[in-house]
Amino acid sequence: MSISMPMPASAATPARTARTLIEIDRLNLYYGDFHALKNVSLDIPERAVTAFIGPSGCGKSTLLRSLNRMNDLIPGTRIEGRIAIAGTDIYSPEVDVETLRKKVGMVFQQPNPFPKSIYDNVAYGPRLHGIRKKSRLDEIVESSLKAAALWDEVKDHLKRSALSLSGGQQQRLCIARALAVEPDILLMDEATSALDPISTLKIEELVQQLKDRYTIVMVTHNMHQAARVSNQTVFFLNGEVVESADTEQLFAGPSDSRTEDYISGRFG
Amino acid sequence: MNGEWLQTGGAVEPLKQTPETVRAAGAYSFKNERKSVMNRLMPVLLMLCASVSIITTVGIVYTLVSETVLFFREVPIVEFLTGTRWSPLFEPRAFGILPLLAGTLLITIIACVVAMPIGLASAVYLSEYAPRRVRNIIKPILEVLAGVPTIVYGYFALSFMTPIVRAIFPETGIFNALSAGIVVGIMIIPMVTSLSEDAMNAVPKSLRDGAYALGATKFESALKIVLPAALSGIVASFVLAFSRAVGETMIVTVAAGATPNLTFNPLESIQTMTAYIVQVSLGDTQRGSIEYGSIFAVGMALFIITFLLNSIAQYVARKFREEY
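Residues numbered from 1 in each chain as written. Chains lettered and ligands numbered in written order. Predicted model: local features only at pLDDT ≥ 70, side-chain atom pairs only at ≥ 80, totals over all residues.

Novice: Tell me about the overall build of chain A, and please be specific about residues and values.
Specialist: What chain A contains, in helices and strands, is 10 helices and 10 strands. The C-alpha radius of gyration of chain A comes to 18 Å, within 12% of the 18 Å expected for a compact globule of 268 residues. Dimensions along the principal axes, computed over C-alpha positions, put chain A at roughly 55 × 45 × 35 Å. Within chain A, the proportion of its 268 residues that are buried is 48%. Considering only residue pairs separated by 6 or more positions, chain A has 71% of its internal contacts joining residues 24 or more positions apart. (Helix = DSSP H or I, 4+ residues; strand = E, 2+ residues; numbered from the N terminus. Rg over C-alpha atoms; globule rule 2.2 N^0.38 Å. Buried ≥ 20, exposed ≤ 12 C-beta atoms within 10 Å, placed from the backbone. Contact = placed C-beta atoms within 7 Å.)

Here you go:
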């Protein structure tokens, strides 16, 4: 799990077989008149890290936010095509958005802890979904904070405001908060771009630990990060998927010249 | 990530600085005589404008205090604060402020019971649910509502609300605390809504997104994330609305009656502190008489109450502000 390896050697564990969990089939997404995602088809493997890379405005975050339907909140969004998680079309009318989002957790670019205590931040989700018993909540808070590698730093002051934590700790708290509702999938939208290098490293280490239990999809504009932590990398440009491949392969020998231009730093 | 990021590729010409210094006084004069007078005069002018309200406040306090002191030479302050009968105009005279205080409190409580839930619910709707278009229509209307002269509300209470109240409770008098209180409440709804909505709007979108991403519904996010985060602003709006109801004059003068009455029955006619001041001010009371002094004592009490409430509102807004 070393993460200091130079690129393009990927730190990903040796190739292993993984089933597809998320199938995206000919997805088109429009914000009003703007065609943000163009005919995107993509398979995302279970219990692995998939990284979306590409320049700003290429649609990578838009696709990520389609996976838990956060785009529903933006007026004027229109979507065509199909996204299926474990075979279920998540845009079909019988899907309950709140239940979907419980199963597909999300961590945002800026750490956004609630202005509450550390404990209440983690317990918010479980309470929302009906867990009231104090002992059960205590367990969830502890295991989630442990899973997010934050427990040792905060266990003695769980009642302290989450806003007293550093940026990196806040982001790990947000990860703990997402894990507390027991999702299967964790979406990370440039989750380290607002953090310092040390905190970034900790989050990357954490991602390595979490991928054994969760399917992780991360958006990053840091190619080194994609190379360090992901198993599969998808390169986006102008709303299209240019190339999707095993991370090692994509960085070592991209098959599309645009991918090569991007990862060699010629633009973006 | 080594030095290669910093290479300029030869596009930028190298610069070599000579040890000489540029000295050409004429071309680089930075004086401007015309502006210096204005620059000294403007702050003084602006300060004078700013001090108008402070001087006025000092004047008001001076008037209130001096007349109140005269009043308390004739009426013991203990009788004023603890007496249960207020009869300044008719024998036997009595100057216990409690009936007026009770009347004021009754009106205020009724008003708050009406305004706080409705105002807060409207704020939640406007900030969390309403599409931008709806919000852009409703907010200005609310602000217009806040600008309706209170005397208009007074006649609305007397000619519209009172008949409704009397239809429901036939024993109600023409003048009663309930209809006046309800209408005072309606009057302060826009204030509660507008200030609470501002507070809720200031809660960053990222917090709502955080809640939605955990599977919260809009209502759950509004109730458990946005409301607590905006609490200081909401409480401040409540206290200000309370203070506004305490000081409200025209509605209660028109619709609540002129009967100093130590009661908490909302169907009876009462008199508030403000309405009493209006009553005496309009009458042929002689300057310097004890009745004349009494309105200053009541005014002083009113001033202290609203001053305290406004201070509390400011304190709450500062103290309980959640950082986000």
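Novice: Please provide a residue-by-residue account of the overall build of chain B, values included.
Specialist: Along its length, chain B carries 12 helices and 2 strands. Taken from the N to the C terminus, the helices and strands of chain B come in the order α-α-β-β-α-α-α-α-α-α-α-α-α-α. For chain B, whose C-alpha radius of gyration is 29 Å, the value lies well above the compact-globule estimate of 20 Å for 324 residues. Its C-alpha atoms give chain B principal-axis dimensions of about 100 × 60 × 35 Å. Put simply, chain B has 324 residues, and 37% of those count as buried. Excluding contacts between residues fewer than 6 apart, the proportion of contacts in chain B whose partners are at least 24 apart in sequence is 73%.

Novice: Please provide a residue-by-residue account of the UniProt feature "domain: ABC transporter" (unreviewed entry) in chain A, values included.
Specialist: The positions UniProt marks with the feature "domain: ABC transporter" (unreviewed entry) are residues 22-263 of chain A. The span residues 22-263 of chain A is 38% helical and 27% strand by assignment, and the distance between its end C-alpha atoms comes to 25 Å. (UniProt positions renumbered as here; feature names shortened; annotations may be inferred.)

Novice: Give a detailed account of the sheet that holds strand β4 (residues 77-85) of chain A, specifying residues and quantitative values.
Specialist: All names here are of chain A. Read from one edge to the other, the open sheet built from 4 strands follows the order β2-β1-β4-β5, with strand pairing classed as antiparallel. Single-partner strands in this sheet number two, and they are β2 (34-45) and β5 (88-89). Across 8 bridges, strand β1 (residues 20-31) lies against β4 in antiparallel orientation. By the bridge assignment for β4, Asn28 is matched with Glu80. Of the strands in this sheet, β1, β2 and β4 touch helix α1 (residues 60-67), which is tilted by about 65° from β2. (Pairing = 2+ DSSP bridges. Axes fitted to C-alpha atoms, helices over the stretch in contact; angles between N-to-C directions.)

Novice: Tell me about the sheet that holds strand β8 (residues 215-219) of chain A, and name the residues and values.
Specialist: Residues and elements named next belong to chain A. One open sheet holds the 6 strands; their spatial order is β6-β7-β8-β3-β9-β10, and the pairing between them is mixed. Bordering the open sheet on either side are β6 (104-107) and β10 (240-246), each of which pairs with just one other strand. For this sheet, the mean angle separating the axes of adjacent strands, direction not counted, is 15°. Across 4 bridges, the pairing between strand β3 (residues 49-53) and strand β9 (residues 232-237) is parallel. Bridging across to β9, Ala51 finds its partner in Thr233.

Novice: How would you summarise the UniProt feature "transmembrane region" (unreviewed entry) in chain B if you had to cite specific residues and measurements?
Specialist: All names here are of chain B. In this numbering, the UniProt entry assigns the feature "transmembrane region" (unreviewed entry) to residues 44-65, 94-120, 141-161, 173-195, 225-243 and 295-317. Within residues 173-195, the helical portion is 83% and the strand portion 0%, while the C-alpha atoms at the span's ends are 35 Å from each other. The span residues 295-317 is 100% helical and 0% strand by assignment, and the distance between its end C-alpha atoms comes to 33 Å.

Novice: An account of the domain arrangement of chain B is requested, with residue identities and associated values reported.
Specialist: Many descriptions give the size of an interface as the accessible area lost when the pieces come together. Domain parsing of chain B yields domain 1 (56-96) and domain 2 (108-283 + 306-319). Inter-centroid distance (C-alpha atoms) of domain 1 of chain B to domain 2 of chain B is 30 Å. (Domains from an automatic or database assignment.)

Novice: Give a description of the packing of helix α3 (residues 118-128) of chain A against helix α4 (residues 134-147) of chain A that names residues and reports values.
Specialist: Residues and elements named next belong to chain A. The interhelical angle for the contact between α3 and α4, taken along N-to-C directions, is 110°, at an axis separation of 9 Å. Comparing their axes, α4 and α3 come out roughly perpendicular. As α3 runs across α4, the sense of the crossing is right-handed. Residue-level inspection shows Tyr119, Val122, Ala123 and Pro126 of α3 in contact with α4, the latter providing Leu137, Ile140, Val141, Ser144 and Leu145. Of the residues contributing to the contact of α3 with α4, the split by class is 8 nonpolar, 1 polar and no charged. (Parallel < 35°, antiparallel > 145°, perpendicular 65-115°, else oblique. Left-handed = near helix turned anticlockwise from the far one by under 90°. Nonpolar A, V, L, I, M, F, W, Y, C, P; charged D, E, K, R; others polar.)

Novice: Let's hear about the interface of chain A and chain B: which residues, and what values?
Specialist: Taken together, the contact between chain A and chain B spans 21 residues of the former and 16 residues of the latter. When residues of the side of chain A that touches chain B are traced back to their parent elements, those giving at least two are α2 (97-103), β6 and α3 of chain A. With 4 residues, α2(A) is the largest single contributor of residues to the side of chain A that touches chain B. Among the residues forming the side of chain A that touches chain B, the class breakdown is 10 nonpolar, 7 polar and 4 charged.

Novice: Go over the nonpolar core with me, naming the residues and quoting the values.
Specialist: Residue and element names in this part refer to chain B. Judged by nonpolar contacts, the single largest core of 153 residues is most densely connected at Ile107, Ala180, Val183, Ile188, Val192, Ala241 and Ile251. Inspection of this core shows a minimum of three residues originating in each of domain 1 (56-96) and domain 2 (108-283 + 306-319). In this structure, Ile107 is in contact with Ala177, Ala180, Gly181, Val184, Ala245, Val252, Ala256 and Thr272, ignoring residues within four places of it in sequence. (Core = buried A, V, L, I, M, F, W, Y, C linked by C-beta atoms within 7 Å.)

Novice: Describe the packing of helix α11 (residues 273-282) of chain B against helix α12 (residues 290-319) of chain B, with residues and values.
Specialist: Residues and elements named next belong to chain B. At their nearest, the axes of α11 and α12 sit 10 Å apart, and the two run at 155° to each other. Between α11 and α12, the angle is such that the two are roughly antiparallel. The hand of the α11/α12 crossing is left-handed. Across from Met273, Thr274, Tyr276, Ile277, Val280 and Ser281 in α11, the residues of α12 making contact are Glu291, Ile295, Val298, Gly299, Ala301 and Leu302. The residue makeup of the contact of α11 with α12, split by class, is 8 nonpolar, 3 polar and 1 charged.

Novice: I'd like to hear about the environment of A:Asp261, residue by residue, with values.
Specialist: All names here are of chain A. Inspection of the secondary structure puts Asp261 in helix α10 (residues 257-263). Spatially, the C-alpha atoms of Asp261 and His35 are 24 Å apart, while their sequence positions differ by 226 residues. When near neighbours in sequence (up to four residues on either side) are disregarded, Asp261 contacts Arg266 and Phe267.

Novice: Any details on the pairing of β9(A)? Residues and values, ideally.
Specialist: Residues and elements named next belong to chain A. Most of β9 is tucked away, with 6 of its 6 residues classed as buried. Note that β9 and β10 share 6 bridges and pair antiparallel. If you follow Leu237 over to β10, its bridge partner there is Glu240.

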